[in-house]
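Residues per chain are reported as follows:
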Amino acid sequence: MPKIKIAPSILSANQDKLQEEINEIEDYSDLLQVDVMDNKFVPNITPQAELLKKFDTKVPLDIHLMVKEPSDDYIMSFIDANSKLKINNITVHQEACPNLKKTLKFIKNNDIKASVAINPKTPLNKIKEVLDYVDMVLIMTVVPGFSGQKFIEDCMDKVKELRKLKPNLEIEVDGGVNDKTAPIAVKAGANVLVVSSFIFKAEDKVGAINKILESVKQNI
Ligand code: DX5
């Protein structure tokens, strides 16, 4: 079994106690996902790059841009936002980028890993031409926009196909991941699990992370 990485998404963290909540889980997190929404690509909005000024962490960030046509300047605003933070990767959506390869190239030229996300209805062949180029693929397991939705198990067909095509690629899933669905995703071939409400709505956040890891160990 590959090492499973846990990427808590701060979307459903208590934004008034954001730093406190991040402190609580950072020793147990491999990446920290920052969800960014523009009310165009998805029907919800979050703070933009200024969000990165509101907290500090030693955990490398996984920035998930659910944003229509992110320009180079827009991407740069995240890279420049807070020099104390380390950005591991920036994810853009295939559906949102008219020139996907160029956008991914821009990210990589800034020494940041580039990742591409696809929505539940988007077939894998839409990203086949960039597969040799990206460091990670995010297979969305909910329609993006909100935390707390149900895991769409049909998306596992794409995870399985992608794992066969790319045995060493980082494959991330995001949406509805909990102790029941995590083993399903890992069995299919995912190795990075984004989790928001199951962690941040739990009384014991570290306990929730351990519950996922334990369940994966027991069930695959
Ligand atoms: C989906 C976001 C997810 C979301 C996951 O719109 O990209 O990161 O916060 O939340 P949970 O884990 O609650 O489904």
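Notes on the structure in this doc start here. Just so we're clear, the structure is a prediction, and the values are computed from it rather than from any experiment.

Calculation rules
- Residues numbered from 1 in each chain as written.
- Predicted model: local features only at pLDDT ≥ 70, side-chain atom pairs only at ≥ 80, totals over all residues.
- Heavy atoms only, no water.
- Buried < 20%, exposed > 50% of the residue type's maximum accessible area, 1.4 Å probe, protein only.
- Helix = DSSP H or I, 4+ residues; strand = E, 2+ residues; numbered from the N terminus.
- Arc of directions from axis to C-beta.
- Contact = heavy atoms within 4.5 Å.
- Axes fitted to C-alpha atoms, helices over the stretch in contact; angles between N-to-C directions.
- Parallel < 35°, antiparallel > 145°, perpendicular 65-115°, else oblique.
- Left-handed = near helix turned anticlockwise from the far one by under 90°.
- Nonpolar A, V, L, I, M, F, W, Y, C, P; charged D, E, K, R; others polar.
- Pairing = 2+ DSSP bridges.
- Phe/Tyr/Trp six-rings, centres within 6.5 Å; stacked < 30°, edge-to-face > 60°.
- Lys NZ or Arg CZ within 6 Å of the ring centre and 35° of its normal.
- Near = heavy atom within 4 Å.
- Polar contact = N/O pair within 3.5 Å; in protein donor to acceptor, adjacent residues only side chain to side chain.
- Areas by Shrake-Rupley, 256 points an atom, 1.4 Å probe, with all protein chains shown as cover.

1. Some thoughts on helix α3 (residues 100–109)
All buried positions along α3 are accounted for by Leu100, Thr103, Leu104, Phe106 and Ile107. Taken around the axis of α3, the buried residues stretch over an arc of 155°, which confines them to a single face. In this structure, the buried side of α3 is in contact with α2 (72–79), β4 (87–93) and β5 (113–118). One or two positions beyond α3, positive phi appears at Asp111, with a value near 60°.

2. Digging into the packing of helix α1 (residues 18–25) against helix α7 (residues 205–219)
Angle between the axes and distance between the axes are the two parameters that describe a pair of packed helices. Viewed as axis vectors pointing N to C, α1 and α7 meet at an angle of 40°, and their least axial separation amounts to 8 Å. As judged from the angle between their axes, α1 and α7 are oblique. For the element pair α1 and α7, the recorded crossing hand is right-handed. Counting all contacts with α1, which are made through Glu21, Glu24 and Ile25, the residues of α7 involved are Lys205, Val206 and Ile209. Its residues assigned to classes, the contact of α1 with α7 shows three nonpolar, no polar and three charged.

3. Here we look at the sheet that holds strand β2 (residues 32–37)
As summarised here, the arrangement of the eight strands in space is β1-β8-β7-β6-β5-β4-β3-β2, forming an open sheet in which the pairing is parallel. The open sheet has two edge strands with one neighbour each: β1 (5–8) and β2. Here the strands of the sheet are splayed against their neighbours by 25° on average, with no regard to which way each runs. Of the strand pairs in this sheet, strand β7 (residues 170–174) and strand β8 (residues 192–195) are connected by three bridges, and their pairing is parallel. From the neighbouring strand, Val173 faces β8, where its bridge partner is Leu193. Sheet contacts for α7: β1 and β8; angle to β1, the most-contacted strand, approximately 145°.

4. A few points about the packing of aromatic side chains
Considering all chains together, one arrives at one aromatic pair under this definition. Directly above the aromatic system of Tyr133 lies the positively charged group of Lys101, at a separation of 5.3 Å from the ring centroid. Between Lys108 and the ring centre of Tyr133, over which it is positioned, the NZ or CZ distance is 5.2 Å.

5. Structural notes on the site of the ligand
Near the ligand lie 20 residues; those nearest to it are Asp35, Gly145, Asp174, Gly176 and Ser197. Between the ligand and the protein, one listed contact pairs an oxygen atom with a backbone N or O atom of Ser196 at 2.8 Å. In the environment of the ligand, an oxygen atom lies 2.4 Å from a nitrogen or oxygen atom belonging to the side chain of Ser197. Against a free-state accessible area of 370 Å², the protein chains account for coverage of 99% of the ligand. Mapped onto the shell around the ligand, the elements with two or more residues apiece are β2, β3 (61–66) and β8. In terms of residue count, β2 provides more of the shell around the ligand than any other element does, three residues in total. Of the residues that constitute the shell around the ligand, the class distribution is eight nonpolar, 10 polar and two charged.

6. Notes on unusual backbone geometry
For Glu69, which is not glycine, the phi dihedral falls at a positive 45°. Following the sequence through the fold, Glu69 ends up in the loop between β3 and α2. With a relative accessible area of 48%, Glu69 lands in the partly exposed category. One non-glycine residue, Asp111, adopts positive backbone phi at about 60°. By the secondary structure assignment, Asp111 is in the loop between α3 and β5.

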